[in-house]
Amino acid sequence: MATPSLLAEWFRDAPPKAPAMRNESVFYRNLEEQLDTRRSERANMVLRRNEPAPKSKDFSTLDFLGLTHSGLLRQPFLDELAAHPDFKLGAGGSRVLNGNNPYIEEAEREIAEFHKGDTALLFHSGFEANVAILLAIPRPGDAIVYDELVHASMHEGMQGSVAPCKRSFKHNDVDDFRDVLVSVKESEPLIRAGQRSVLIAVESMYSMDGDVSPLRELVQVAREVFPDGNAQFFVDEAHTTGVFGYQGRGYVDELGLCDDIAIRMHTYGKALACTGATVIAKASVRETLINYARGFIYSTAPSFPMVAAIKAGYNLMKSGKTEHLQVRIQHLVKHFFKTIQENEVWDEANDEGILSIPNMDDWESRPFVTQVAPVMTRQRYTVYLCWHLQLAGFNCFPIDYPVVPRGLNRLRVVFHAHNTEEEVEGLAAALCEWAREMLDIEESGAKGRLPAAARQVIATQQAEQQQAKRVEGTNGASKPVSNGVNGTNGLVVVAA
Ligand SMILES: Cc1ncc(COP(=O)(O)O)c(C=O)c1O
């Protein structure tokens, strides 16, 4: 469980370093100057000391099915190793040279079959796979149309893409999507003539907002605007692999759209508790990636343990042993929504803008919920809310710029199959307890009064600062301690 001192450390302001480096090599000074910009914006990424956190209730990790937490994957993984006692640890080179082997190919065949696709191609990570797809697949004269909130890895790929036309549409906005497709058709004669293509890049579930793509509607619009089929979809299933679809086949399977999506990208670092990713597509896409995706060509093939872990994950899904975990996530999220809605503080907190969960609207009428709930409050309060929950034993973090747009920071709550009903009820109660405290503070008119958890953390930061000053003697210049009103005090959680 987090303590005020741990939180004080995690959320400490980072002082600038470059000014004290006047006599050092410009090589390092320039790096520090760049980092100082991040530090001054409280947007610097830090690697946190995480050890005490496991005692907290997990509402933060991406271990959605709890396979890491429960160790459920360990035995299938060990079985896979035992079935290949002579395995070679390393691959020995790139797959286009000497790193390919029957074990990887067999895994890919099984993965393709599981996802009802023609072929599969393994990558070291989802990031690599996304970059590869967007670098290698769109050809000169093609266009890329993408949801404005797609993952950083897609932007990375698009930056290097030879496609001259790249246009975003408003997040999950089907009308805007149509307008953008029509504008591409109007401005690109070769695409209009059906001689070049449009690749449409979306995510199945957007993990900062917890909402799913209106994929069925998007597919329909693309068919209407480009009836010749020269607009094709690329869906990133990073957050839905293992969690949605029959036995975890993903969101596209959930919607029955496997035959309508040209490229699906599944990752294994989240629900499947492994690492790596697979691209599911027709042979033409696979062969293009093998020939043109530089990250695939100029990189050593996946090692045996990596592929064995992925295979074990698929064996587990195929055995049906993860199905009840998918169901459990649905149950827990709905239980949370119901519990928090029934809390006497909820409506007032919602009306006053102290607490809201945008993807909770109409949850009862939806066929499914997602495992991510973005909790919004006043921007300057997000860090206070985080501290309150952390001190109450609930591990979740604020997400701030640059991961989400400025002014849209939020606390991201992630639900898992290993959470209990009591934990979920406790979380709802802790959120509402904090909301009551903030409502009381605002109603009292006591400007600048901080909630209890924030007082504890800031007092600890100040005490540490005093201590540091004493140690440094008269040279210990005092740095102001932030009360977090402008950001999340230097803690940026990466959008994994
Ligand atoms: C939507 C999305 N795509 C791709 C990735 C990258 O996947 P990986 O962690 O396997 O690199 C992530 C985060 O990790 C993600 O959230």
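Residues numbered from 1 in each chain as written. Predicted model: local features only at pLDDT ≥ 70, side-chain atom pairs only at ≥ 80, totals over all residues.

A. Structural detail: the overall build of the chain. Of the regular secondary structure elements, the chain holds 19 helices and 14 strands. On C-alpha atoms alone, the chain measures out to a radius of gyration of 24 Å, which is about the 23 Å that the 2.2 N^0.38 rule sets for 496 residues. Overall size of the chain, expressed as C-alpha extent along the three principal axes, is 65 × 60 × 55 Å. When each of the 496 residues of the chain is scored for burial, the buried share is 44%. Considering only residue pairs separated by 6 or more positions, the chain has 73% of its internal contacts joining residues 24 or more positions apart. (Helix = DSSP H or I, 4+ residues; strand = E, 2+ residues; numbered from the N terminus. Rg over C-alpha atoms; globule rule 2.2 N^0.38 Å. Buried ≥ 20, exposed ≤ 12 C-beta atoms within 10 Å, placed from the backbone. Contact = placed C-beta atoms within 7 Å.)

B. Representation of the sheet that holds strand 9 (residues 263–267). One open sheet holds the seven strands; their spatial order is 2-10-9-8-5-3-4, and the pairing between them is mixed. Each of the sheet's edge strands pairs with one partner strand only, and the pair in question is strand 2 (119–123) and strand 4 (165–169). Each adjacent strand pair in this sheet contributes to an overall mean axis angle of 20°, direction not counted. One ladder, built from three bridges, connects strand 8 (residues 231–236) with strand 9; its direction is parallel. Following the sheet pairing, Val235 is matched in strand 9 by Arg264. Helix 6 (residues 126–136) rests against strand 2, strand 3 (143–147), strand 5 (198–203), strand 8, strand 9 and strand 10 (277–281) of the sheet, and its axis sits at about 165° to strand 9. (Pairing = 2+ DSSP bridges. Axes fitted to C-alpha atoms, helices over the stretch in contact; angles between N-to-C directions.)

C. Spatial organisation of the domain arrangement of the chain. For the chain, the assigned domains read domain 1 (4–31 + 43–69 + 324–444) and domain 2 (74–318). Relative placement of domain 1 and domain 2: their C-alpha centres are 29 Å apart. Across the contact, 19 residues belong to domain 1 and 14 residues belong to domain 2. Within the residue set of the side of domain 1 that touches domain 2, elements represented by two or more residues are helix 3 (67–70), helix 15 (323–342) and strand 11 (372–375). It is strand 11 that contributes the most residues to the side of domain 1 that touches domain 2, three residues altogether. Residues belonging to the side of domain 1 that touches domain 2 are distributed by class as follows: twelve nonpolar, five polar and two charged. (Domains from an automatic or database assignment. Nonpolar A, V, L, I, M, F, W, Y, C, P; charged D, E, K, R; others polar.)

D. Representation of the pairing of strand 2 within the structure. The buried count for strand 2 comes to four of five residues, which makes it a mostly enclosed element. Examined bridge by bridge, strand 2 and strand 10 share five bridges and lie antiparallel to one another. Paired with Phe123 across the two strands is Ala277, which belongs to strand 10.

E. Fine view of the sheet that holds strand 14 (residues 410–414). Pairing in this open sheet of three strands is antiparallel, and the strands run 11-14-13 from one edge to the other. Looking along the sheet, the strands with just one partner apiece sit at the ends: strand 11 and strand 13 (397–399). On average, each strand axis in the sheet is tilted by 40° relative to the strand beside it, whichever way the strands run. Across three bridges, the pairing between strand 13 and strand 14 is antiparallel. Among the inter-strand pairings, Pro398 is bridged to a residue of strand 14, identified as Leu411.

F. Focus on unusual backbone geometry. Of note, the amide linkage connecting Tyr401 to Pro402 takes the cis form, showing an omega dihedral of 10°. Inspection of the secondary structure assignment puts Pro402 in the loop between strand 13 and strand 14. Notably, Lys116 is not glycine yet its phi reads approximately 55°, a positive angle. Of note, Lys116 is situated in the loop between helix 5 (102–114) and strand 2. Located in the positive-phi region is Ala273, a residue other than glycine, with phi close to 60°. Topologically, Ala273 is positioned in the loop between strand 9 and strand 10.

G. How the structure looks around the environment of Ile458. As for its placement among the helices and strands, Ile458 is situated in helix 19 (residues 452–472). Along the chain, Ile458 and His324 lie 134 residues apart, while their C-alpha atoms are 43 Å from each other.

H. Spotlight on the packing of helix 17 (residues 382–391) against helix 19. Closest axis-to-axis distance for the helix 17/helix 19 pair is 8 Å, and the angle between their directions is 90°. Of the possible angle classes, the one that applies to helix 17 and helix 19 is roughly perpendicular. From helix 17, Tyr384, Trp387, His388 and Leu391 reach across to helix 19, where they touch Ala453, Ala454, Gln456 and Val457. A breakdown of the residues in the contact of helix 17 with helix 19 according to their chemical character gives six nonpolar, two polar and no charged. (Parallel < 35°, antiparallel > 145°, perpendicular 65-115°, else oblique.)

I. Region of the structure containing the UniProt feature "domain: Aminotransferase class I/classII large" (unreviewed entry) in the chain. Residues given the UniProt feature "domain: Aminotransferase class I/classII large" (unreviewed entry) here are residues 81–431. Here residues 81–431 runs as 41% helix and 16% strand, with 44 Å between its end C-alpha atoms. (UniProt positions renumbered as here; feature names shortened; annotations may be inferred.)

J. Up close: helix 17. For helix 17, the tally of buried residues reaches ten of ten residues, placing the bulk of the element in the interior. Considered for burial, the residues of helix 17 that qualify are Thr382, Val383, Tyr384, Leu385, Cys386, Trp387, His388, Leu389, Gln390 and Leu391.

K. Quick look at the environment of Cys258. Among the secondary structure elements, Cys258 is positioned in the loop between helix 11 (251–254) and strand 9. Counting along the chain gives 133 residues from Cys258 to Leu391, while the straight-line C-alpha distance between them is 44 Å. Residue contacts for Cys258: discarding those within four places in its chain leaves Lys116, Gly117, Val252 and Asp253.

L. Representation of the environment of Gln34. Mapped onto the elements, Gln34 comes out in helix 2 (residues 26–40). C-beta crowding within 10 Å serves as the criterion here: with 11 such atoms nearby, Gln34 is assigned to the exposed category. Along the sequence, Gln34 and Gly92 sit 58 residues apart, while their C-alpha atoms lie 38 Å from each other.

M. Geometry of the confidence of the model for the chain. On average, residues of the chain score 93 in pLDDT, and 94% of them reach the 70 mark or higher. Across residues 478–487, confidence stays below pLDDT 50; counting only partners more than four residues off in sequence or on other chains, it has 24 contacts. Below a pLDDT of 50 lies the segment residues 489–495, which in the model reaches 34 contacts outside its immediate sequence neighbourhood of four places, other chains included. (pLDDT = per-residue confidence, 0-100.)

N. Quick look at the packing of helix 15 against helix 18 (residues 421–444). Taken N-terminus to C-terminus, the directions of helix 15 and helix 18 make an angle of 35°; their axes are 9 Å apart at the nearest point. Considering only the axes of helix 15 and helix 18, their crossing is right-handed. Side by side, helix 15 and helix 18 meet where Leu332, His335, Phe336, Thr339 and Ile340 of the first sit next to Glu421, Val424, Glu425, Leu427, Ala428, Leu431 and Cys432 of the second. (Left-handed = near helix turned anticlockwise from the far one by under 90°.)

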